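Descriptive analysis of the structure
Residues per chain are reported as follows:
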Amino acid sequence: MSSAGSLQGEAAARDPHTPSPTLDRPDDYLHAQSTLRSWFLTTDHKRIALLYLASITAFFVVGAVAAGFVRLALVVPDGAIMTNDTYNKAFTIHGVVMVWFFLIPSIPATFGNFLIPLMIGAKDLAFPKLNLASWYVFMTGALFTLAAVVLGGVDTGWTFYAPLSTAFSNTWVLPALIGVTIVGFSSILTGLNFVVTIHTMRAPGMTWFRLPIFVWTHYATSLIFLLATPVITLALILLIAERAFHVGVFDPAYGGDPVLFQHLFWFYSHPAVYIMVLPGMGVISEIVPAFAQKKLFGYRFVAYAAIGLASVTFFVWGHHMFVNGQSDLASLAFSALSFAVAVPSAVKVYNWTATIHKGSLRLDTPMLYAMGYIGLFVLGGLTGLYLATLAINQHIHATYFVVAHFHYIMVGGTVLAFLGGLHFWWPKITGRMYSEPWGRISALFIFIGFNVTFFPQFILGYLGMPRRYATYPPEFQLLNVLSSAGSTILAAGYLFPMVYLVHSLWFGRRAPGNPWDAKGLEWETASPPPPHNFAGVPRVPEVPYDYPIQAPETGRQHT
Amino acid sequence: MKAQSALALWPPAASATAVETDHIILGFTVLTLLLTVPVFLAITYFALRYRQGEVADRTTDGRRSVLIEISWMLIPYVLTLFFFGWGAKLFIDSRHPPPDAMVVEAVGRQWMWKFQHPTGQSEINDLHLPIDQPVRIRITSQDVIHALYLPALRLQIAALPDRTTEIWFKADRTGTYRLYCSEYCGTDHSVMDGNLTLMTQAAYQDWLTHGGAQQSNVAAGRAIYESYGCAGCHDGAVAGVKAPALAGLYGRAVHLADGRTITADADYIRAKILNPNANRLAGGGKQVMPSFAGVIPADDLDRLVGYLKSYHRVADGETR
Amino acid sequence: MSADPAAAGPVGMTRAEHFATIGQQRHAATLGMWAWLLTELLLFAGLFLTALILRLLHPEAVQAAAGHLKFWIGAANTVVLLCSSLTMSAAIELSRLGWQRMMVGCLVATASLGALFLVLKGYEYYADYEEHMMPFLARRPYALAEQPATRLFVNLYYVATALHAVHLLTGIAILVGLTWKASRPGFLQRHQNWIEVYGLYWHFIDLIWIIAFPVLYVVNR
Ligand code: HEA
Ligand code: HEA
Ligand code: CUA
Ligand SMILES: [Cu+2]
């Protein structure tokens, strides 16, 4: 095969395997302008993606240091290392930062921003200025939250349950709440931009069923941004009003209903978990076919599954409240619906596996991450079904089983997808190749470290260790020490990429336009791409994922 | 038993419901393995078999994939639904107590549990109950949301500030097990725990009449001391409040503002709690302590006084 | 923005560089505004749902509290906003025809009606204050103190109306800026669709009030 599909003037003449000389082509988006102003006032979606990449990396470090505190404290059962108060602040900051300032924006705001216009053959997102604005909104929210941390911390948990957060906690709840509210607007603006872009900016010939799955999952994610985020904004506004001005509706002292807050919170936060996982599924759906050199199995099913997930996810929020005095009928319904969510998830998992079947596999770093993702997501997802089983939930709700469940999906799933995507598109983004051996070594470290850290937590949870515990009974110490030990391996695995990726910016081999022989419009342009992405109007292939090995598609289309 | 070994991989089960819950999760795990092990094995096998450069048959047979898609969506789903049904049944059962259940009232507050037996006795943080007898716990909260978690019975239920929730069970194994607060409720969430002691009916009756229920328990008193905020001021945690230290107070001579000197006995301490403005202390600053009359129930007051009696000043400052 | 006016004639718009065609740009702007309004609608829907839940939880208290709302001010404000939507629609029609001066007049009328709404609303808040219907003011005894649950509804009333007022205030501020730009020569040749897109937002603020009025004032009487 040869990927000479590029119509773009200059690159078309070049063999895709010879590196594009970054330095003597200062017209790519990285070098076109170099002032600070050209970065902070840029409207280029690719540069904004990099602004986001830098900010979320910083937040990941903040969240990771907080996680370090948590794991450090739990080495001993009696809380001798830090006070209960410090511990509570550590896990609250960890949760708030990891969820709202790292994981939710991670893939959409970086890869989504960078790739959606490239993948659909557009020059930019529909509203470039709005895109920049959403980064500033993000940073404003971030400042408030960091202020809360610097001033003395918050101790409500990332869930901010009333009335603890409104009337009882005497920590810096308000700035944290305001920060999270503001960040919601940044999500909304990003989602809005994606929806409009995907609807209106597709290149001629880019029909809906020629879109890469990555775009489909981002479309689904954006719909959740638009439909769910306003509800948490409202819930947080009510919380802020109640805490700051005693204007609120949750206060039980007046017959208000604190459980109402939980309903509003989870109405957003359950869909939010699909905000966190769908983009990762998109990344995996790009990586797997590229490294199997085979057409994605069941393309249409995978695309529909994304929309299916985004729809069903709105009807399961009550599974977080089975033991909170919810009516039996509601619990039954929410439990049953949670099982239904497994169906579209299963579609994805089985289709990735089928794609690998009879492919021509290369086990480079992105593929290692993708395979790790599939394994850990499946474990995390199925333990979600355990949690959704009413009788089991009654025992393991609010224990470390839940902690293990969501870290399997969010860290084992989304973070691995993020790292896989980072390595996959690194050559495209920076024009440089990273070190492959180091890539594989750190993938291995992360996989092993992750399992050593979080698998023991399933056992701890079933043994009955409650979460958010600064101190715990001594019989749980062994497994906790194991978990803390694992987290140091994990930390090393995170540290390596930060070093060798940065190193590659200066010393990496120049990347060709399409180092992986991958399909998709983003690989048809130079690495790094020019400011307006394509020299001409890109040619859209007849079928998505037109890899050399073709799997039959749903009986209708034959190869 | 409470003294679990460090390597225990399975929690003790003290009721038929707990055992059945274990069966559900074990069964579900078997199904999970059936659904996932093939995926994992397949991925590993394909990754090795179809490595680039390996010679392998890569032709695909134009099979209709709709059928495959539908089957791998629906078969696992239908299989898991069995566990939905089983779990739901057990859950619903645990919401509907039999009419002959004995009723225990539970109250959560930052950061202690209080349990009241049907015969009137109450206890703090610990709970003693008979086996082979349905027990219904009616639970509420005085401040934030808490949750009562009894792992040996595989049960938990939230304590909500504005309403009463309930749970019931019938234990069938004696022993001492852990009891926790499992809904995050602020600073000392993790120490809002205690022991659940399950005993034979006879032992329970014995305990009610002359056992622990009668004794004012020092640990319980300490929990009350902290929960009602005494510790905040008197142990110097709240900045700017100059409340006298209470360690070693009991039995000591106290100088009052009106010149009298009296011995701090139980009556004095009790009166001071209920009416802080009487018996002003000599050299005392501004009186800021609120009256606890009508705030603290009589039994808790007894425990508190009992605790202060035994609250000695130890040479190295360690007072617990 | 590149400077080539795509459509000749008095009415049209300039194409931004990253769009391929004017049609695409127009479609994107309209869709973008609709998407934004959808999220706003959900924001308010949450509030109204909360109001209905409160009514289910505490029917008497909600009725007692709603009895203190100034029905006639609310009704008058409904009429004011309906009129403003009318003038806004007129402005859009006129912009399509290219009748710039009359359009600007309609925009000014719209902004003034919006301001009138805020004045009436302010007076209503003042009357509430006089009637001791502000339970969150620590120093001012609350009129329905013996029915604690009424506070919840009253609080929700303030949150909902204040949030709506903030939207209206933003709307007026943008409208003033837009009117100023729209009064300059050649505006309609370059940016006619700004008026159309803005009009969607204005109608939306109106719509929210038209939902809020029955949910807060009428249903609970
Ligand atoms: C990205 C994040 C993410 C994702 C994707 C999910 C996915 C799921 N979650 Fe999870 N969850 C969280 C993040 C996430 N969760 C977080 C953060 C919390 C805790 C919040 C807090 O309290 O702090 C939580 C808590 C949580 C609870 C509440 C626990 C409690 O507090 O009591 C429940 C209960 O039902 C639940 C269920 C599920 C289910 C059923 C899925 C399903 O979507 C999973 C579907 C996937 C699969 C099933 C695997 C793949 C399928 C196959 C291999 C095919 C074979 C299987 C079948 C067809 C059955 N989750
Ligand atoms: C969304 C993403 C996300 C990510 C990426 C992570 C990543 C990690 N999480 Fe987190 N976690 C959450 C989301 C996430 N978590 C949420 C939402 C909660 C719930 C919060 C709540 O209850 O409110 C939670 C709660 C939570 C708990 C439970 C706390 C409790 O309930 O008491 C624990 C405990 O082990 C934990 C551990 C970790 C670890 C070890 C990592 C690692 O993967 C992170 C990698 C970092 C390290 C391995 C440490 C590196 C440290 C350093 C480099 C600095 C060293 C500094 C010192 C030792 C001081 N997390
Ligand atoms: Cu009480 Cu946690
Ligand atoms: Cu959920």
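Residues numbered from 1 in each chain as written. Chains lettered and ligands numbered in written order. Predicted model: local features only at pLDDT ≥ 70, side-chain atom pairs only at ≥ 80, totals over all residues. Heavy atoms only, no water.

In the nomenclature of an unreviewed UniProt entry, chain B is known as cytochrome-c oxidase of Methylobacterium goesingense. What UniProt records for chain B under Subcellular location (unreviewed entry) is the sentence "Membrane". Its UniProt record gives chain B the following Catalytic activity (unreviewed entry) comment, quoted word for word: "4 Fe(II)-[cytochrome c] + O2 + 8 H(+)(in) = 4 Fe(III)-[cytochrome c] + 2 H2O + 4 H(+)(out)". (UniProt positions renumbered as here; feature names shortened; annotations may be inferred.)

Under the annotation held in an unreviewed UniProt entry, chain A carries the name Cytochrome c oxidase subunit 1 and is attributed to Methylobacterium goesingense. Reading the Subcellular location (unreviewed entry) entry of the UniProt record for chain A gives the comment "Membrane". Under the heading Sequence similarities (unreviewed entry), UniProt records this for chain A: "Belongs to the heme-copper respiratory oxidase family."

When helices and strands are tallied, chain A shows 16 helices and 0 strands. The C-alpha atoms of chain A give 23 Å as radius of gyration, which agrees with the globular expectation for 559 residues (24 Å, within 12%). C-alpha atoms of chain A, sized along the principal axes, occupy 70 × 50 × 40 Å. Here chain A holds 559 residues, and 70% of them are scored as buried. Within chain A, residue pairs in contact and separated by at least 24 positions form 83% of the contacts whose partners lie at least 6 positions apart. Carbon and sulfur atoms provide 72% of the accessible area of chain A, an area that totals close to 16,300 Å². (Helix = DSSP H or I, 4+ residues; strand = E, 2+ residues; numbered from the N terminus. Rg over C-alpha atoms; globule rule 2.2 N^0.38 Å. Buried < 20%, exposed > 50% of the residue type's maximum accessible area, 1.4 Å probe, protein only. Contact = heavy atoms within 4.5 Å. Areas by Shrake-Rupley, 256 points an atom, 1.4 Å probe, with all protein chains shown as cover.)

So, on to the coordination of the iron atom of ligand 2. Residues and elements named next belong to chain A. Taken together, His94 (NE2) and His407 (NE2) make up the protein donors of the iron atom of ligand 2, found 2.0 Å from the metal. Every donor counted, the 6 donor atoms about the iron atom of ligand 2 form angles of 87 to 179° at the centre, which fits octahedral coordination. Here His407 lies in helix H14 (residues 400–430) and His94 lies in helix H4 (residues 84–120), a separation of 313 residues in the sequence. By relative accessible area, His407 is classed as buried at 12%. (Donors = N, O, S within 2.8 Å, 3.2 Å for Na, K, Ca; no water. Tetrahedral: all angles 85-135°; square planar, octahedral: opposite > 155°, others 65-115°.)

Next up on the list: the confidence of the model for chain B. Low-confidence regions, as indicated by low pLDDT, have predicted coordinates that should not be scrutinised in detail. All names here are of chain B. In this model, chain B carries a mean pLDDT of 82, and residues with pLDDT of at least 70 account for 88%. Across residues 314–320, where pLDDT falls below 50, the model places 6 contacts with residues more than four positions away in sequence or in other chains. With pTM at 0.89, the complex prediction returns an ipTM value of 0.86. (pLDDT = per-residue confidence, 0-100.)

Residues and elements named next belong to chain A. Protein coordination of the iron atom of ligand 1 is limited to a single donor, His405 (NE2), which sits 2.2 Å from the metal. For the pair the iron atom of ligand 1 and the copper ion (ligand 4), the metal-to-metal distance amounts to 4.4 Å. Inspection of the secondary structure assignment puts His405 in helix H14.

Here the focus is the UniProt feature "transmembrane region" (unreviewed entry) in chain B. Residue and element names in this part refer to chain B. UniProt's feature table lists "transmembrane region" (unreviewed entry) at residues 25–46 and 66–88, given in the numbering used throughout. In residues 25–46, the share of helix is 100% and the share of strand is 0%. The end C-alpha atoms are 31 Å apart. The straight-line gap between the two end C-alpha atoms of residues 66–88 is 32 Å; of that span, 100% is helix and 0% is strand.

Looking now at the site of ligand 1. Near ligand 1 there are 35 residues, and of these Trp158, Tyr274, His397, His405 and Arg467 of chain A occur at the shortest range. Flanking ligand 1 are residues from chains A and B. One nitrogen or oxygen atom from the main chain of Ala388 of chain A is found 3.2 Å from an oxygen atom belonging to ligand 1. Here an oxygen atom of ligand 1 sits 2.9 Å away from a polar atom, N or O, in the side chain of Asn393 of chain A. (Near = heavy atom within 4 Å. Polar contact = N/O pair within 3.5 Å; in protein donor to acceptor, adjacent residues only side chain to side chain.)

To continue, consider the interface of chain B and chain A. Listed per partner, the contact involves 85 residues of chain B and 89 residues of chain A. Each partner contributes to the roughly 7,500 Å² buried at the junction of chain B and chain A, and carbon and sulfur atoms together form 66% of this total. Broken down residue by residue, the surface that chain B buries against chain A is led by Trp72, Phe91 and Tyr184 of chain B, which jointly contribute 10%. Applying the counting rule to chain B against chain A returns 2 salt bridges. A salt bridge links Arg178 of chain B to Glu475 of chain A; its shortest N-O distance comes to 3.0 Å. (Buried area = accessible area lost by both parts, 1.4 Å probe. Salt bridge = Lys/Arg side-chain N within 4 Å of Asp/Glu carboxyl O.)

Take the UniProt feature "domain: Cytochrome oxidase subunit I profile" (unreviewed entry) in chain A next. Summarizing the sequence annotation, UniProt attributes the feature "domain: Cytochrome oxidase subunit I profile" (unreviewed entry) to residues 39–541 of chain A in the numbering used throughout. Between the C-alpha atoms that bound residues 39–541 of chain A there is a distance of 34 Å. The span itself is 71% helix and 0% strand.

Here we come to the interface of chain A and chain C. It is common to give the size of an interface as the accessible area lost on bringing the parts into contact. Chain A puts 37 residues into the contact, and the matching count from chain C is 32 residues. Between chain A and chain C, the buried area comes to about 2,800 Å², and carbon and sulfur atoms account for 78% of it. The three residues of chain A that bury the most area against chain C are Thr200, Leu234 and Tyr254 of chain A, which together make up 20% of that side's buried surface. Linking chain A with chain C are 0 salt bridges, by the criterion used here. Applying the counting rule to chain A against chain C returns 3 residue pairs in polar contact (both at pLDDT 80 or more). Within the residue set of the side of chain A that touches chain C, elements represented by two or more residues are helix H5 (128–151), helix H7 (173–200), helix H8 (213–245) and helix H9 (258–292) of chain A. Among the elements that take part in the side of chain A that touches chain C, H8 of chain A stands out by supplying 10 residues, more than any other. When grouped by side-chain class, the residues that make up the side of chain A that touches chain C number 24 nonpolar, 8 polar and 5 charged. (Nonpolar A, V, L, I, M, F, W, Y, C, P; charged D, E, K, R; others polar.)

So, on to empty space enclosed by the protein. Overall, the coordinates contain 8 cavities of 30 Å³ or more when judged by the stated rule. Considering only enclosed or pocket space, the largest cavity measures out at about 140 Å³ in volume. In terms of residue class, the lining of the largest cavity is built from 9 nonpolar, 1 polar and 5 charged. (1 Å grid on protein atoms, 1.4 Å probe; cavity = no way out; pocket = protein on both sides within 12 Å on 5 of 7 lines; lining within 4 Å. Points joined across faces, edges and corners; volume = space filled by probe spheres on them.)

Moving on, we come to the site of ligand 2. Residue and element names in this part refer to chain A. As a structural note, the neighbourhood of ligand 2 is formed by 32 residues, with Arg71, Tyr87, His94, His407 and Arg468 the closest of them. In the environment of ligand 2, a nitrogen atom lies 2.8 Å from a nitrogen or oxygen atom belonging to the side chain of His94. Secondary structure elements with two or more residues in the shell around ligand 2: helix H3 (45–73), H4, H14, helix H15 (436–463) and helix H16 (477–507). Across the shell around ligand 2, the residue classes tally to 21 nonpolar, 8 polar and 3 charged.

Turning our attention to the pattern of salt bridges. Opposite charge on two side chains permits them to pair, given that their charged atoms come into close proximity. Summed over all chains, the structure comprises 16 salt bridges over all chains. Residue Glu436 of chain A is joined to Arg440 of chain A by a salt bridge in which the shortest nitrogen-to-oxygen separation is 3.1 Å. Residue Glu436 of chain A and its partner Arg440 of chain A are located together in helix H15, separated by 4 residues, close to a single helical turn. Residue Arg96 of chain C is joined to Glu93 of chain C by a salt bridge in which the shortest nitrogen-to-oxygen separation is 3.0 Å. Here Arg96 of chain C and its partner Glu93 of chain C are both found in helix H3 (residues 71–97), 3 residues apart, which amounts to about one turn of the helix. Connected through salt bridges with shared partners, the residues Glu105, Arg136, Arg138 and Glu166 of chain B form a single ionic network.

All names here are of chain B. With respect to burial, strand S10 (residues 194–199) is a largely interior element, 6 of its 6 residues being buried. As defined by bridge partners, strand S9 (residues 175–181) adjoins S10 across 5 bridges and the pair is classed as antiparallel. Each bridged residue has a counterpart across the sheet, and for Leu179 the counterpart in S10 is Gly194. (Pairing = 2+ DSSP bridges.)

Looking now at the domain arrangement of chain B. Residues and elements named next belong to chain B. Taken as a whole, chain B is organised into domain 1 (102–214) and domain 2 (220–319). Contacts between domain 1 and domain 2 engage 9 residues on the former and 9 residues on the latter. Counting each side, the surface lost to burial between domain 1 and domain 2 is near 700 Å², with a carbon and sulfur contribution of 42%. At the boundary of domain 1 with domain 2, the tally comes to 0 salt bridges. At the surface where domain 1 touches domain 2, the tally comes to 0 residue pairs in polar contact (both at pLDDT 80 or more). When residues of the side of domain 1 that touches domain 2 are traced back to their parent elements, those giving at least two are strand S2 (112–116) and strand S3 (122–124). Broken down by element, the residue count for the side of domain 1 that touches domain 2 peaks at 3 residues, all from S3. (Domains from an automatic or database assignment.)

Take helix H6 (residues 266–274) of chain B next. All names here are of chain B. Buried within H6 we find Ala266, Tyr268, Ile269, Lys272 and Ile273. Viewed along the axis of H6, the buried residues span an arc of 165°, placing them on a single side of the element. Elements in contact with the buried residues of H6: strand S11 (253–255), strand S12 (261–263) and helix H7 (298–309). (Arc of directions from axis to C-beta.)

One pass over the structure, following the stated rule, counts 77 aromatic pairs over all chains. Between Phe250 of chain A and Phe261 of chain A, the aromatic rings sit 5.4 Å apart at their centres with planes inclined by 75°, giving edge-to-face as the arrangement. Residue Phe250 of chain A is found in the loop between H8 and H9, and its partner Phe261 of chain A is found in helix H9; the two are separated by 11 residues along the sequence. When the centroid spacing of 6.5 Å and the interplanar angle of 80° are considered together, the rings of Tyr125 of chain C and Tyr157 of chain C count as edge-to-face. Of this pair, Tyr125 of chain C sits in helix H4 (residues 100–130) while Tyr157 of chain C sits in helix H5 (residues 150–182); the two residues are 32 residues apart in sequence, bridging distant segments of the chain. Of note, Arg300 of chain A hangs over the ring of Phe209 of chain A, and the distance from its end group to the ring centre comes to 4.0 Å. Over the face of the ring belonging to Trp180 of chain C we find Arg184 of chain C, whose NZ or CZ atom lies 4.7 Å from the ring centre. (Phe/Tyr/Trp six-rings, centres within 6.5 Å; stacked < 30°, edge-to-face > 60°. Lys NZ or Arg CZ within 6 Å of the ring centre and 35° of its normal.)

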